[in-house]
Amino acid sequence: MSLTVPPDLLEQAQRGKIDNTAFLACIRDSLPFAWSLVSDLARRREATGAEFVDNLVAPPDEAAYGQLFRALASTSIREALENHFGVRLAFQNCHRVAVFDPAADKAYAEFTSPEAQILNQTPELVNC
């Protein structure tokens, strides 16, 4: 399961429309490692004015890996994070999360290119 959904949020979804703030709280509470990582990266990008910043440190354990996978593999979760933090997200391998200025099309295209993916491979990451 990707998220731990409170009963009131489930009721909202069953009625057809959920509150965005409640959805973000559900993401934050269910996926604290992923939330914290994206939040920190967004803060760093904003502070430096860089086109993007990325994480090169592997998560501390399997649970943290799982949170990253769930957050970035779900379109609705990923879009909620992007909108909330005002960034564009990209993901390589099992832990290299990057946040981009939404206008940084060239940097985003380079980071997400097949060439960048191949160049980012290492034997240690084969089974991450």
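Everything numeric in this text was worked out from a predicted model, so none of it was measured. Note on numbering: residues in each chain are counted from 1, in written sequence order. Per-residue local features are limited, in this predicted model, to residues with pLDDT of at least 70; the limit for side-chain atom pairs, both in listing and counting, is 80 or more; totals at the level of whole chains, interfaces and linings are taken over all residues. Values shown for side chains rest on all heavy atoms present in the structure; no hydrogens or waters enter the calculation.

Draft legend 1. Layout of the environment of Leu37. We count a stretch as a helix when DSSP gives it H or I for four or more residues in a row; a strand needs E for two or more, and each element gets its number in order from the N terminus. Structurally, Leu37 is set in helix H3 (residues 32–48). Sequence separation between Leu37 and Leu68 is 31 residues, and the spatial gap between their C-alpha atoms is 8.8 Å.

Draft legend 2. Here's a closer look at the sheet that holds strand E2 (residues 88–92). We call two strands paired when DSSP finds no fewer than two bridges between them. With antiparallel pairing, 3 strands are arranged side by side in an open sheet as E1-E3-E2. Since the sheet does not close on itself, it has two edges, and those belong to strand E1 (52–54) and E2, each with one partner. Put simply, the sheet's adjacent strands are angled 20° from each other on average, direction ignored. Of the strand pairs in this sheet, E1 and strand E3 (residues 96–100) are connected by 3 bridges, and their pairing is antiparallel. Only the contacting stretch of a helix is used when fitting its axis, a line to C-alpha atoms as for every element, and angles between N-to-C directions run 0 to 180 degrees.

Draft legend 3. Expanded view of the pattern of salt bridges. What counts as a salt bridge is simple: a side-chain nitrogen of Lys or Arg found within 4 Å of a carboxyl oxygen of Asp or Glu. A complete count under the given rule lists 7 salt bridges for this structure. The shortest N-O distance in the salt bridge between Arg45 and Glu46 comes to 3.4 Å. Of the residues examined, Arg45 reaches a relative accessible area of 7% and is grouped as buried. Each residue gets one of three labels from its accessible area relative to the maximum for its type: buried under 20%, exposed over 50%, partly exposed in between, using a 1.4 Å probe on protein chains only. With a relative accessible area of 57%, Glu46 lands in the exposed category. For Asp105, the salt bridge identified is with Arg88, shortest N-O distance 3.3 Å. Of this pair, Asp105 sits in helix H6 (residues 105–111) while Arg88 is found in strand E2, placing the two residues 17 residues apart along the sequence. Taking relative accessible area as the criterion, Arg88 reaches 29% and is therefore assigned partly exposed. Here the salt bridges share partners, and the residues they tie into one network are Arg45, Glu46 and Asp101.

Draft legend 4. Structural context of the nonpolar core. Definition of nonpolar core: a set of buried residues of the types Ala, Val, Leu, Ile, Met, Phe, Trp, Tyr and Cys, connected through side-chain atoms within 4.5 Å. Within the largest apolar cluster, 24 residues are counted, with the highest numbers of intra-cluster contacts made by Ile27, Ile77, Leu81 and Leu89. Those elements giving two or more residues to this core turn out to be helix H2 (20–30), H3, helix H4 (62–73), helix H5 (75–85) and E3. Top contributing element to this core by residue count: H3, with 6 residues.

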